[in-house]
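Okay, here's what each chain looks like letter by letter:
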Amino acid sequence: MAETPARLPQTRPDPAPEERESEALVLIRAMVHAAKADGRLTRDEQRAIYDQLGSRSADASRFLQREFDQPTNARDFAWSVPLGMEYKVYAISLSAIDLDSKSESEYLAELAHGLRLPEDVCRHLHQRYGAPSPR
């Protein structure tokens, strides 16, 4: 059985309906940033992110295209994450990354630092989601 960290970060209570959309946008941005961590964004990665969004509206497509075109900066992104979403953002980032390159490992380390996630919490998330340990 995987060891659970002594103290996981606090998560926010279930958001009000009007907050759900903004939280979803943060999680979509987390997937985009993680997918681009290796310096490229393939069509398959873009398609997977579109599928997660669930909407093919013109507004959704424009939002994603803007995110795809933006440079990736783990620190700036981490600092934009609302308090209480740190755990979710790191976990969804793990789902969108292959973690097979040094740049991806460095991205996750910088993201974890910016989100103020302790090492034991990150280790727990990697174990929980079957992701390789960062290098």
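Residues numbered from 1 in each chain as written. Predicted model: local features only at pLDDT ≥ 70, side-chain atom pairs only at ≥ 80, totals over all residues. Heavy atoms only, no water.

Novice: Hey, could you go over the overall build of the chain for me, with residue numbers and the actual values?
Specialist: In terms of helices and strands, the chain carries seven helices and zero strands. Order of helices (α) and strands (β) in the chain, N terminus to C terminus: α-α-α-α-α-α-α. Looking at the 135 residues of the chain, the share that counts as buried comes to 42%. When contacts within the chain are restricted to residue pairs at least 6 apart in sequence, those whose partners lie at least 24 apart make up 75%. (Helix = DSSP H or I, 4+ residues; strand = E, 2+ residues; numbered from the N terminus. Buried < 20%, exposed > 50% of the residue type's maximum accessible area, 1.4 Å probe, protein only. Contact = heavy atoms within 4.5 Å.)

Novice: A description of the nonpolar core should follow, citing residues and the corresponding values.
Specialist: Within the largest apolar cluster, 37 residues are counted, with the highest numbers of intra-cluster contacts made by Tyr-90, Tyr-107 and Leu-111. For this core, the element with the highest residue contribution is helix 1 (residues 17-35), accounting for seven residues. Ignoring any residue separated from it by four or fewer positions in sequence, one finds Leu-111 in contact with Ala-74, Phe-77, Ala-78, Tyr-90 and Ser-93. (Core = buried A, V, L, I, M, F, W, Y, C linked by side-chain atoms within 4.5 Å.)

Novice: Give a detailed account of the packing of helix 2 (residues 43-53) against helix 3 (residues 58-69), specifying residues and quantitative values.
Specialist: The N-to-C vectors of helix 2 and helix 3 enclose an angle of 140 degrees; their axes lie 11 Å apart at closest approach. What the angle tells us is that helix 2 and helix 3 run oblique. Regarding helix 2 and helix 3, the two cross each other, and that crossing is right-handed. Of the residues in helix 3, those touching helix 2 at Gln-46, Ile-49, Tyr-50 and Leu-53 are Ala-60, Ser-61, Leu-64, Gln-65 and Phe-68. (Axes fitted to C-alpha atoms, helices over the stretch in contact; angles between N-to-C directions. Parallel < 35°, antiparallel > 145°, perpendicular 65-115°, else oblique. Left-handed = near helix turned anticlockwise from the far one by under 90°.)

Novice: Break down the packing of helix 5 (residues 86-95) against helix 6 (residues 102-115) for me, with residues and values.
Specialist: The axes of two packed helices give the description: the angle between them and the distance between them. One can describe the packing of helix 5 onto helix 6 by two numbers: an axis separation of 10 Å at closest approach and a directional angle of 170 degrees. Judged by the inter-axis angle, helix 5 sits roughly antiparallel to helix 6. Within the contact between the two elements, helix 5 uses Glu-86, Val-89, Tyr-90, Ser-93 and Leu-94 and helix 6 uses Leu-108, Leu-111, Ala-112 and Leu-115. Grouping the constituent residues of the contact of helix 5 with helix 6 by class yields seven nonpolar, one polar and one charged. (Nonpolar A, V, L, I, M, F, W, Y, C, P; charged D, E, K, R; others polar.)

Novice: Talk me through the environment of Arg-128; I want residue IDs and the actual numbers.
Specialist: Looking at where Arg-128 falls in the secondary structure, it is placed in helix 7 (residues 119-128). A sequence separation of 37 residues divides Arg-128 from Ala-91, and the C-alpha atoms of the two residues are 9.3 Å apart.

Novice: Before we move on, could you go through helix 3 and cite the residues and values that matter?
Specialist: With 12 residues, helix 3 extends 16 Å from end C-alpha to end C-alpha; this agrees with the ideal 16 Å at 1.5 Å per step. Among all positions of helix 3, only Ala-60, Phe-63, Leu-64, Glu-67 and Phe-68 are buried. Looking straight down helix 3, one finds its buried side chains confined to an arc of 135 degrees; they lie on one side. In helix 3, the exposed positions that point more than 90 degrees away from the buried face belong to Asp-59 and Asp-69. (Expected span 1.5 Å × (residues − 1). Arc of directions from axis to C-beta.)

Novice: Could you give an account of unusual backbone geometry, with specific residues and numbers?
Specialist: With phi around 55 degrees, Leu-99 is a residue other than glycine that occupies positive phi space. Take Leu-99: it is sitting in the loop between helix 5 and helix 6. Its identity is not glycine, yet Arg-116 carries a phi of approximately 60 degrees, on the positive side. Relative to the elements of secondary structure, Arg-116 occurs in the loop between helix 6 and helix 7.

Novice: With reference to specific residues and values, describe the pattern of salt bridges.
Specialist: Tallied over the entire structure, the rule returns nine salt bridges. Glu-67 serves as the salt-bridge partner of Arg-29, at 3.2 Å between the closest nitrogen and oxygen. Of this pair, Arg-29 sits in helix 1 while Glu-67 is found in helix 3, placing the two residues 38 residues apart along the sequence. For the salt bridge of Glu-86 with Arg-116, the shortest nitrogen-to-oxygen distance reads 3.6 Å. Within this pair, whereas Glu-86 is found in helix 5, its partner Arg-116 is found in the loop between helix 6 and helix 7, the two being separated by 30 residues in sequence. (Salt bridge = Lys/Arg side-chain N within 4 Å of Asp/Glu carboxyl O.)

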